[in-house]
Amino acid sequence: MTVTPTAIDTSIDVSSIKKETLLQQTWNGLKKNRLAMVGLFLIILLLFVTIFADFIAPYGVDDQDLTRAYTAPCKEFIFGTDDFGRDIFSRIVYGSRYSLMIGAVAATLSAVIGMLIGSLAGFYGGKTDNILMRFIDIMLAIPSTLLGISIVAALGNGIRNVIIAVAIGAVPAYARIVRASILSVKEQEYIEAARSIGASDFRIIMHHILPNCLAPIIVQITMSVAKAILEASALSFIGLGVQPPSAEWGAMLSAGRAYIRKAWWIVTFPGLAIATLIFGLNLFGDGLRDALDPKLKT
Amino acid sequence: MSTLLEVKGLKKYFSTPKGMLHAVDDINFTLEQGKTLGIVGESGCGKSTMGRVILHLLSPTDGQIVFDGKDVSKPDRQMLKDLRKEMQMIFQDPYSSINPRMTVSEIIGEPMRIFKTCSNADLDREVVKLMDTVGLATRLYNTYPHELDGGRRQRIGIARALALNPKFIVCDEPVSALDVSIQAQILNLMQDLQAERKLTYIFITHDLSVVKHISDDIGVMYLGQMVEKCSSKELFQRQLHPYTKALLSAIPRPKPHQKTQRILLRGEISSPIDPGDRCRFCTRCIYAQEKCFKESPKMEEALPGHFVTCHYHRQIADGTLTSQD
Amino acid sequence: MDENILSIRDLSVHFIKDKSVVKAVNHLSLDLKAGETLGLVGETGAGKTTTALSIMNLVPNPPGKIVGGEIIFEGTDVLKRSKLELRKMRGREVSMIFQDPMTSLNPVMTVGDQIAEVVRLHNQCSKADAAVQAQKMLELVGINAERYGDYPHQFSGGMKQRVVIAIALACSPKLLIADEPTTALDVTIQAQVLELMNDLKTKFNTSMILITHDLGVVAQVCDKVAIMYAGEIVETGDLDAIYDNAKHPYTIGLFGSIPDLDNDTERLSPIAGLMPDPTALPDGCSFSPRCPHCTQYCKDHDPALEEIDPGHSVKCWLYSQQREVEE
């Protein structure tokens, strides 16, 4: 005789019992966090601006009008014009494309490489772990900005090389996070339990380990998008990577440096754009981390 | 009653920077089908490690394991896979032994999915049946573990262990993390399941009152060795090993008038690393003699069915050797 | 109040979590005399630790809030004392031992210094004097004074707990609150630590509140027992009254859940169901959903803690005189 005599209710169609997927759980968690929603809004704003740049920007990105150079913000030019009479607002709008591309591509690239290294190191341990992590340590010993500078200096300017430089700089962070995640999950009893019910190594990695490492990885991706954009801007600022006349925000900052007293708007608005986007990404990343951590839910 | 499990000279050593850690050292016992062997001991005695070695979650350093007549000490891949269907484990911590990212039904159904014991269509029904067997309401089918309390989580673990219809289950402290009233519910459940399905258990715990309730035979472990083994009834009536005596006297009874004379052990437990050829218990034993420090005792059958690992158990029992304190 | 060193009257503590209110402690009252040991027994979520923290006014705020009641310790209400007074009280008049010895000690301070710290906080004495006192305490708890300069990680669990006890008793407090002090320890070590606590208790004449879920430990150490359920005391009395003459169905259920070492039991008699959700406690008696003797009256009306015999009180309609009056 079993403890609780609940008759098997075969009338309950179990497939009808709704299961909250990870996506739904995350969304529910995010919704509650106001700051995260602000961050999300800012990110969506960027996407919107990037996609519909042609419709939003009143002028072309390179439309010069030397007679209207150094115009302060006014109705005609919301953010004013720069030293070549180009509308800063339009340039910022078009410049968002650089930020998006660099951020997305660099983050993805570093995530993939970093995850591969981290997974191998974490799962196999021993010598593999040792060799791979020492390699990562060497990379970490060089400040990422300096690393970026070296790579771009070696490969030359241009958006492609900026992406590579920034991506390489971010690989160690991913490798470490993934490795740490795997190491901690590996020790959990449910991994042992999975082995005891006959699961193969492959099944354990795919079904048990990786899904539980997702949270920190996703958060890291959000954070590294922000970092990538910031680094690309920094590189442009010092004259490497994407250069004027490209409307990359960092390049605009650099070019506008000289006019900070005469025409503050040339430097200020690109700077604000960078700051706002990074701010939004950080807020969203924090909110995502809180929403993805199942332990916080009780 | 046929013998389901026979363990001979089982050893598990771990190599550490400080030396060789003797986690499990020369364990011998037999277990008959349908019976429960309780393994008791305090932290560090090796009981959990032994459970895992028997289940091949850890590989033995030496020794022989004979399951259902077959020598499974060094199984190949196929044998190991087949063994998994027959031998299962219930884990101690209901919070870390189930994957937080899987629903109740996914966790319980996974063994069946791995071994394809039934079609996908039938899987749902089988899972619901198992949930009912362990007392989990059907509406919890798609719930995540973090929404449930320890008792319910442990039921999930039990259902998972039953999914493949094993003959033998190692229960590693399955109720230690639970409240007393939930403990009782789970213990009753496990006893019912054993009766219904003719299960054989190894029940590992540090709680003597629990082990007495559920076991037919009990083995007491200390620093990797089995110091005493006999029937459950016998152990509580007559202990032959000094450690067992001390262990039993240390348990606080819920009887205010029965202030038992407690045998307090001296000092702390000695190190399991490179223990050397001597009795593991000699540093704390109130009867310790010179021989105890020089030679490791072997397990012998002191009385029919009652085994003990002590040089002087006869002298202690008949009173010729008294406590040194 | 006369010989009572501690009097808790009608204490209620709530925790605000998201939008829901967790009623951790509900209208709890208890008394403790000098030199007495009270066992506060209950399962997880019963509210024992919250009660203990309230006595020292240490309930984390937010999210916790003491919403009512008074805690009279040595004549004055703890809840009304100033921050300075509270700090003076903690460690000196009232001390607490927490459950997990592994995390109660500061890993980067020597054990001797940790004991000396509490001595210096409450006494105007030099560093040297405090160190001497610390060494005395170490010896008292059975640790060689030479180990003054050792760090916590160099000690085993049982010894760490002894250090914790030394810290708690260093200033000879009048009241010691021990929150599951031996739960994390092996049974043989537990025996040693309980023996030690008994000795010290007698030596210093300290009153003690021992929080535990283990009825065996209570039987060995306590004079009085209070059984907690869902934030309330459902039964309280002398040791004999509770162990030989338990009345409340929950108490009886608790005893029925423990396997008996001395007698054979075929099946245990656990209490069906689970503790109620503290954000949604049932109307009427909080134990009604699980009680085998529950009636409609129990579901609608919440009984009060009433004295049924001298020194033995129960919160249950089965034994209440009041109900007859109302009906």
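Residues numbered from 1 in each chain as written. Chains lettered and ligands numbered in written order. Predicted model: local features only at pLDDT ≥ 70, side-chain atom pairs only at ≥ 80, totals over all residues.

## Some points on the overall build of chain A
Here is step 1 of the chain: Helix and strand counts for chain A come out as 11 helices and zero strands.
Here is step 2 of the chain: Taking 19 Å as the expected radius of gyration for a compact globule of 298 residues, we find that chain A reaches 24 Å, considerably beyond that expectation.
Here is step 3 of the chain: Along the first, second and third principal axes, the C-alpha atoms of chain A reach 95 × 50 × 25 Å.
Here is step 4 of the chain: Among the 298 residues that make up chain A, the fraction classed as buried is 43%.
Here is step 5 of the chain: A sequence separation of at least 24 residues applies to 68% of the contacts in chain A between residues at least 6 apart. (Helix = DSSP H or I, 4+ residues; strand = E, 2+ residues; numbered from the N terminus. Rg over C-alpha atoms; globule rule 2.2 N^0.38 Å. Buried ≥ 20, exposed ≤ 12 C-beta atoms within 10 Å, placed from the backbone. Contact = placed C-beta atoms within 7 Å.)

## Some points on the interface of chain B and chain C
Here is step 1 of the chain: With 32 residues of chain B at the contact, the number on the chain C side is 33 residues.
Here is step 2 of the chain: Secondary structure elements with two or more residues in the side of chain B that touches chain C: α6 (180–197), α7 (208–214) and α9 (242–250) of chain B.
Here is step 3 of the chain: Tallied by class, residues from the side of chain B that touches chain C come to 15 nonpolar, nine polar and eight charged. (Nonpolar A, V, L, I, M, F, W, Y, C, P; charged D, E, K, R; others polar.)

## Observations regarding the nonpolar core
Here is step 1 of the chain: The biggest cluster of nonpolar side chains holds 267 residues, and the ones touching the most others in it are Val166 of chain A, Ala159 of chain B together with Ile115 and Ala166 of chain C.
Here is step 2 of the chain: The element contributing the most residues to this core is helix α11 (residues 265–292) of chain A, with 14 residues.
Here is step 3 of the chain: Filtering out sequence-adjacent residues up to four positions away, Ile115 of chain C remains in contact with Ala134, Met137, Leu138, Ala166, Ile167 and Ala170 of chain C. (Core = buried A, V, L, I, M, F, W, Y, C linked by C-beta atoms within 7 Å.)

## Some thoughts on the environment of Ser323 of chain B
All names here are of chain B.
Here is step 1 of the chain: Residue placement: Ser323 occurs in the segment after α11 (313–318).
Here is step 2 of the chain: Under the C-beta neighbour-count criterion, Ser323 is labelled exposed, with 11 such atoms within 10 Å.
Here is step 3 of the chain: In the structure, Ser323 is positioned 81 residues away from Pro242 in sequence and 9.8 Å away in space, judged by C-alpha atoms.
Here is step 4 of the chain: Residue contacts for Ser323: discarding those within four places in its chain leaves Ile286 and Tyr287.

## Structural notes on the sheet that holds strand β1 (residues 4–17) of chain C
Residue and element names in this part refer to chain C.
Here is step 1 of the chain: If you trace the four strands from one edge of the open sheet to the other, you get β2-β1-β4-β5, paired in antiparallel fashion. Looking along the sheet, the strands with just one partner apiece sit at the ends: β2 (20–33) and β5 (76–77).
Here is step 2 of the chain: Pairing between β1 and strand β4 (residues 64–73): eight bridges, direction antiparallel. If you follow Val13 over to β4, its bridge partner there is Ile66. (Pairing = 2+ DSSP bridges.)

## Brief notes about the confidence of the model for chain A
Residues and elements named next belong to chain A.
Here is step 1 of the chain: On average, residues of chain A score 83 in pLDDT, and 91% of them reach the 70 mark or higher.
Here is step 2 of the chain: Predicted confidence in chain A is weakest over helix α1 (residues 22–32), with a mean pLDDT of 77, and strongest over helix α5 (residues 126–141), with 91.
Here is step 3 of the chain: Predicted confidence is poor over residues 1–11, with pLDDT under 50, and the contacts of this stretch with residues over four places away or in other chains come to 16 contacts. (pLDDT = per-residue confidence, 0-100.)

## Re the confidence of the model for chain C
Here is step 1 of the chain: The share of residues in chain C with pLDDT of 70 or more is 98%, and the mean pLDDT across the chain is 87.
Here is step 2 of the chain: Overall fold confidence (pTM) sits at 0.78, and the ipTM for the predicted complex is 0.83.

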